[in-house]
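Listed below, chain by chain, are the residues.
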Amino acid sequence: MNNFSIKNLFEFNKTPLNLLVAVLGIVLLGAFLAGAAYYILHGHHAFNVTRQHPWGLLIAMYVFFVVSSTGLCIISSIGHVFGVEEFQQIGKRAIAGAIITLLSGFAVIALEVGHPVTMIIYNVLTPGFTSAIWWMGTLYGIYLVFITIEFFFLTIKVDHKWSKIFGIGGLLSGLAAHSNLGAVFGFLISRPTANGVFYPVYFILSAMITGCYLLYIIYGFKYRNDYPEQLKAMFLKLNKILGMLLGILIFFEAWKIITALYGTMPERAETILHVISSPTFIFGEVLLGMLIPFAIILFTNGQAIKPMVYASLTGMIGIFFMRYDLVHDTLIYPMTMLKRSEYQLPPTFLEYFPSATEFAIGFGGIGITIFLFYVAEKVFNLDPDREH
Amino acid sequence: MARYGMALDYKSCINCRACESACKAENGVLPGRDNYRIWVGQKEAEGEFPNISIASMTYHPSQCQHCDNAPCQQVCPTNATYYDDNGVVRVDIEKCILCTYCINACPYDARYVDDRTVTVDKCNFCSDTRLANGETTTACQATCPTKVRTFGDLDDPNSDISQLIAKREYKQVKEHLGTKPKLFYLL
């Protein structure tokens, strides 16, 4: 651990980029607090969710954060669990990131679930074992315990044997929790576009991609594109891993779309057709989230590091749209239930746009991440031990 | 112990929507666009003028199907949604955490958020307001002027509803999902 004081917290290099991130962090943190206050006063009426579209941006942002957490955990485990040397140097920072993004996700979901205290009580007293949400929440709780203890043995009381044991526990519980999060959507028999095996598998894949993007961004910001040799070696391997993962993701997505369209199954085919013609899918998911990073890796033969840092920024925007579309696309087809003209117009795709409060809380979660990461960098030595 | 269900002679529905009003009054459902336990859907007439099929224009009273295999019950993380002794799918407001997963999971759009309790609410066949007081009908059934609805015990072979679904053909909604709904639309 580093020597830490409140005064120390305000000391950092006042470079334009640092100042920009500091201001951004403070603004987002303020937005989160303001959004939380407004939500406490007005409840779910502060959100633009409805009976027909009961989940919105906050669920998407929760998924965004926990995807980030799981992704960082999985990629870091390549080093300290599976023993690939180049990846061992990122272990502490990646696990710190996994804890922080998970806490940010919990902060967001606590303001989405109407009764979080009741949730904690009755999750234990009357557990719903057939509920994917119960498994997801419980496993994420276990995952948090594992990776926190792992972080303890990585940074505070360094013990590689125990950090590896808890690292394995964290990896397995993280994989289980995250695929259960996919199952939250995959189990919905009422929503043909989401129902099935795709999401539990896709969530793990997209988590790994998110982990790669975040590592580029975290280390790109830390080293300002002037990397030590050992980090370059790690990035070159990460490029290849990310290229392969993006290739698999594109393959998965393509077949998901083709199978959904084939045979024009009612509700499913028209929904997917609507989805793939939407700008959030074309520009957000495909272009920013997949094609730009994939093309850079492909055309540089996996040798580009600096461009990948910038491509990871577009990639994370794409990942956000993947999460947003995941929720929105699942709910977009109206559940008319024989209602035709009494309560609504003849079926059209549902529209949803987040309220200011939802934006404040959802994106405010990123402020929590930035703030906690800054504190973690101040309090703990997140660099590899051999450097010191 | 019973297994309650409802048969709907929907072709007799005249779309007066007295059932909706009775339900709201009986159960204290608050006003609001999303706040309703039951509804009457309308299927538009088919064809183009002058060949419009008047017979094709029908009304579809609907509500929670009180499935024997309810998706909303399966997905509930705290078992707040449960089957009571009469097979009625109900919500325990003490346990509901308002995750709204059940609203997403219900294939029948039967659930909404009740602002009185800030939990999820739905039709419970008037269990609290009428059945608990010894009455044998629901408010929507009692008020219907054309006797569309027949409520009763599906396990009692002599009940009106058992007699009806034994003698008449019926259809169910989205039964291919395996939900085993207990609403029967008489043909």
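Here, every reference points to the structure presented above.
Residues numbered from 1 in each chain as written. Chains lettered and ligands numbered in written order. Predicted model: local features only at pLDDT ≥ 70, side-chain atom pairs only at ≥ 80, totals over all residues. Heavy atoms only, no water.

(A) Spotlight on the interface of chain A and chain B. Between chain A and chain B, the contact holds 40 residues from the first and 51 residues from the second. Together, the buried faces of chain A and chain B total about 3,700 Å²; carbon and sulfur atoms form 56% of this surface. Taken together, the connections running from chain A to chain B amount to 1 salt bridge. D109 of chain B is the salt-bridge partner of R51 of chain A, the closest N and O atoms lying 3.2 Å from each other. Along the contact surface separating chain A from chain B lie 22 residue pairs in polar contact (both at pLDDT 80 or more). Elements that contribute at least two residues to the side of chain A that touches chain B include exactly α5 (116-125), α6 (132-156) and α7 (160-186) of chain A. Of the residues that constitute the side of chain A that touches chain B, the class distribution is 20 nonpolar, 14 polar and 6 charged. (Contact = heavy atoms within 4.5 Å. Buried area = accessible area lost by both parts, 1.4 Å probe. Salt bridge = Lys/Arg side-chain N within 4 Å of Asp/Glu carboxyl O. Polar contact = N/O pair within 3.5 Å; in protein donor to acceptor, adjacent residues only side chain to side chain. Helix = DSSP H or I, 4+ residues; strand = E, 2+ residues; numbered from the N terminus. Nonpolar A, V, L, I, M, F, W, Y, C, P; charged D, E, K, R; others polar.)

(B) Quick peek at a nonpolar patch on the surface. Residue and element names in this part refer to chain A. On the surface, a nonpolar cluster with roughly 410 Å² of combined accessible area is contributed by V117, I121, V124 and L125. Mapped onto the elements of the fold, I121 is located in helix α5. By relative accessible area, I121 is classed as partly exposed at 41%. (Patch = residues over 30% accessible without salt bridge, like charges linked within 9 Å, V, L, I, M, F, W, Y side chains within 5 Å. Areas by Shrake-Rupley, 256 points an atom, 1.4 Å probe, with all protein chains shown as cover. Buried < 20%, exposed > 50% of the residue type's maximum accessible area, 1.4 Å probe, protein only.)

(C) Inspection of the packing of helix α3 (residues 57-80) of chain A against helix α12 (residues 306-331) of chain A at higher detail. Residues and elements named next belong to chain A. Packing of α3 against α12 brings their axes to within 8 Å, and their N-to-C directions diverge by 130°. With respect to each other, α3 and α12 are oriented oblique. Crossing hand, α3 versus α12: right-handed. Note on element contacts: α12 touches α3 through M316, I319, F320, R323, Y324, L326 and V327, opposite L57, I59, A60, M61, V63, F64, V67 and S68. Classifying every residue of the contact of α3 with α12 by side-chain character gives 13 nonpolar, 1 polar and 1 charged. (Axes fitted to C-alpha atoms, helices over the stretch in contact; angles between N-to-C directions. Parallel < 35°, antiparallel > 145°, perpendicular 65-115°, else oblique. Left-handed = near helix turned anticlockwise from the far one by under 90°.)

(D) Broad picture of the pattern of salt bridges. Applying the stated criterion across every chain yields a total of 18 salt bridges over all chains. The residue E26 of chain B makes a salt bridge to R130 of chain B at a minimum N-O spacing of 3.2 Å. One end of the pair, E26 of chain B, is in helix α1 (residues 18-27); the other, R130 of chain B, is in the loop between β7 (119-121) and α4 (139-143), and 104 residues separate them in sequence. Counted as one network, the salt bridges with shared partners bring together R93, K222, E377 and D383 of chain A.

(E) Molecular detail of empty space enclosed by the protein. Residue and element names in this part refer to chain A. In this structure the tally under the stated criterion is 7 cavities of 30 Å³ or more. Roughly 160 Å³ of internal volume is contained in the largest cavity. Among the elements of the structure, α8 (198-223), α9 (229-261), α10 (268-276), α11 (279-299) and α12 are those that each provide at least two residues to the lining of the largest cavity. Element by element, the count of residues in the lining of the largest cavity is highest for α12, at 5 residues. Looking at the lining of the largest cavity residue by residue, the class counts come to 9 nonpolar, 2 polar and 5 charged. As a volume, the second largest cavity reaches approximately 100 Å³. (1 Å grid on protein atoms, 1.4 Å probe; cavity = no way out; pocket = protein on both sides within 12 Å on 5 of 7 lines; lining within 4 Å. Points joined across faces, edges and corners; volume = space filled by probe spheres on them.)

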